Structures are given as structure tokens and as C-alpha cells.
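Each chain is listed here by its residues.
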Amino acid sequence: FWLSLPVGHWTATGATLLSHLWLFPLMALCMGLLGSLLVAPLFVARGFGVAALLDLPWGHVALLFAVGALRQIVGLMVAMCWAAPVLLLTMAASAWLKRWGLPVVVAVLGPGSALLKQAYDLPQLQDLLAALWERFTQALVPGLSGATNLHGDMVVKGDLEQLPSWLMADLGHVLAQLASPLFVGAVVFSVGCVWLMVLRRQRG
């Protein structure tokens, strides 16, 4: 069926990967953000009364929501870029090895990397996976990078005026991490995995 479609192998594979790695997670995130616009006022009204809604600084709330949504959307897309090498490696292995693809990848990246470090003093694979995971979590969750000054009690005390600028600074740090050899290597490796999937599709 897939081979009968009037599109090239790269186009078909790229569209599938784009949908699963970026568009679907982005759609789920946007639905959650829109849902929060409906749920949050209900919680405020139930906990503090309807009159409390009129006392909110709606201009600042709207700014905070917009900046927060931008941080989450861009962060999600960047996070999936950092996760792409592992995800695409698993997909490529599954394309070539079928049901054995996932077990082989798990064995290599899990016990295999531990064996290389413990038995042969080669921690490079574990260090690489740890670096990718660190960048992934920093892109996905604001504040994990520690690059900006946010006091832990800022939100608790209600000091939200600095929060939009902090979120933008945190986003800037996340984007700055893309200008690194690690990200270039992740992109090159990911493209190689996509090429393996396209090659397997051509031979299918």
C-alpha cells in the first residue's frame, strides 16, 4: 500500500516521522494549553469565588500565559530534536531487524554501554546518552538548566512579575545549546538513521 502512493521514499518517510515526532506531541501540548484556559478559571472561582476572577491582573496573566506557552512549545520541539537520535535509531533498527530491533537497541544502549564503561573503561557511550538526556530534560522543563536566577519561592510568594523575563532567558539558554558540536552530531546521526529507514523502504 505504502509503495503504491505517488510520493517518493524520502517524502513518505519524512512525513511520517514529522507527524509522530513533532506534530502529534505539539498538538497534544496545544490541546492541554487550551484546556488550561478553561479549567484554571473554574478552579479560581471554586476556591476563591467568582469575584476573585475580577481581581486578577488579567494583562499580566495573559502575558505570562503567552510567554509560558511559547516556552513550552519551542522547548518541546527542541526536546524532540535531542531525543531524535535514540528514537530514530530504534525505528531504523525495527525497520531492519523487525521484532528484534527494540531489544537490540535496549541491550546496546543499556547493558552494552554499562559493559563498555565497567569492563573496558570506555564511558563515551554512557556519557553521550547522559548528555542527550540532560539536554532533553532542560528543553522540556523550564529551570533545570540552572542558567538563570529563579528563586525557588518566587511563585509561592506570588512574585510573578519577573517570571516572563525568566522564562524567555531560560528559552534563550535552551536555544543556545543548539549551537554545539553535540547537536550537530545528533542531527548527522539522525539523518543517517532516516537514510537507513529509506533504504529499507526502497528494498521492501
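Conventions used here
Residues numbered from 1 in each chain as written. Predicted model: local features only at pLDDT ≥ 70, side-chain atom pairs only at ≥ 80, totals over all residues. Heavy atoms only, no water. Core = buried A, V, L, I, M, F, W, Y, C linked by side-chain atoms within 4.5 Å. Buried < 20%, exposed > 50% of the residue type's maximum accessible area, 1.4 Å probe, protein only. Helix = DSSP H or I, 4+ residues; strand = E, 2+ residues; numbered from the N terminus. 1 Å grid on protein atoms, 1.4 Å probe; cavity = no way out; pocket = protein on both sides within 12 Å on 5 of 7 lines; lining within 4 Å. Points joined across faces, edges and corners; volume = space filled by probe spheres on them. Expected span 1.5 Å × (residues − 1). Bend = angle between axes of the 7 residues up to and from the residue. pLDDT = per-residue confidence, 0-100. Polar contact = N/O pair within 3.5 Å; in protein donor to acceptor, adjacent residues only side chain to side chain. Contact = heavy atoms within 4.5 Å. Patch = residues over 30% accessible without salt bridge, like charges linked within 9 Å, V, L, I, M, F, W, Y side chains within 5 Å. Areas by Shrake-Rupley, 256 points an atom, 1.4 Å probe, with all protein chains shown as cover. Salt bridge = Lys/Arg side-chain N within 4 Å of Asp/Glu carboxyl O.

Q: What is the right way to read the nonpolar core from this model?
A: General note: in soluble globular proteins, nonpolar side chains tend to be found buried as a group. Listed in full, the 11 residues of the largest apolar core are Leu-17, Leu-21, Leu-76, Met-80, Ala-84, Leu-88, Ala-92, Cys-193, Val-194, Met-197 and Val-198. Those elements that provide at least two residues to this core are helix H1 (9–48), helix H3 (58–97) and helix H7 (181–202). Considering every element that reaches this core, the biggest residue donor is H3, with five residues. Counting 10 residues, the second largest nonpolar core, distinct from the first, contains Ala-79, Ala-83, Ala-139 and Phe-183.

Q: Quick question: what am I supposed to make of the layout of surface pockets here?
A: Picture a little ball the size of a water molecule; that probe, rolled over the atoms, points out where space is still empty. A volume near 340 Å³ is recorded for the largest pocket. Taken together, the elements giving at least two residues each to the lining of the largest pocket come down to H1, H3 and H7. If one sorts the elements of the lining of the largest pocket by residue count, H1 sits on top with five residues. Ser-36, Leu-37, Ala-40, Pro-41, Val-44, Leu-56, Trp-58, Val-61 and Phe-65 are the residues that line the second largest pocket. Of all elements in the fold, only H1 and H3 reach the threshold of two or more residues within the lining of the second largest pocket. Residue contributions to the lining of the second largest pocket peak at five residues, all from H1.

Q: Would you explain H3 in this entry?
A: Count 3.6 residues to each turn of an α-helix, and residues three or four apart come out pointing the same way. In this model, H3 (40 residues) spans 55 Å end to end at C-alpha, consistent with the 58 Å of a helix rising 1.5 Å per residue. The principal kink in H3, of about 50°, is found at Ala-83, preceding the proline Pro-85 by one to four residues.

Q: Sorry if this is basic, but what is going on with unusual backbone geometry here?
A: Trans peptide bonds make up the majority, and among non-glycine residues the majority have a negative phi. Non-glycine residue Lys-98 carries a positive phi angle of around 60°. Residue position: Lys-98 is located in the loop between H3 and helix H4 (101–120). Positioned with a positive phi, Asp-121 is a non-glycine residue whose angle comes to about 55°. Position of Asp-121 among the secondary structure elements: in the loop between H4 and helix H5 (124–140). You can call Asp-121 exposed: its relative accessible area is 61%.

Q: Help me understand the confidence of the model for the protein chain, please; the structure alone is not making it clear to me.
A: The predicted model of the protein chain has a mean per-residue pLDDT of 87, with 89% of residues at 70 or higher. Within the protein chain, the lowest mean pLDDT, 78, falls on helix H2 (residues 51–55), and the highest, 96, falls on H5.

Q: I would appreciate a short explanation of the side chain of Gln-177 in the present structure.
A: Tracing the chain through its elements places Gln-177 in the loop between helix H6 (163–176) and H7. Reaching out from Gln-177, the side chain makes a polar contact with the side chain of Gln-138 at a distance of 2.6 Å. Excluding residues that lie within four positions of it along the chain, Gln-177 makes contacts with Trp-82, Arg-135, Gln-138 and Phe-183.

Q: For this particular structure, what's the right way to read the environment of Met-168?
A: Within the secondary structure, Met-168 is located in helix H6. Distance from Met-168 to Arg-71, taken between C-alpha atoms, is 7.1 Å for residues 97 residues apart in sequence.

Q: Help me understand a nonpolar patch on the surface in this model?
A: Together, Trp-10, Trp-96, Leu-97, Trp-100, Val-104, Val-108, Trp-195 and Leu-196 make up a nonpolar patch on the protein surface, roughly 800 Å² of accessible area in all. Elements represented by at least two residues in the nonpolar patch include exactly H3, H4 and H7. Within the secondary structure, Leu-196 sits in helix H7. According to the relative accessible area criterion, Leu-196 is partly exposed, its value standing at 33%.

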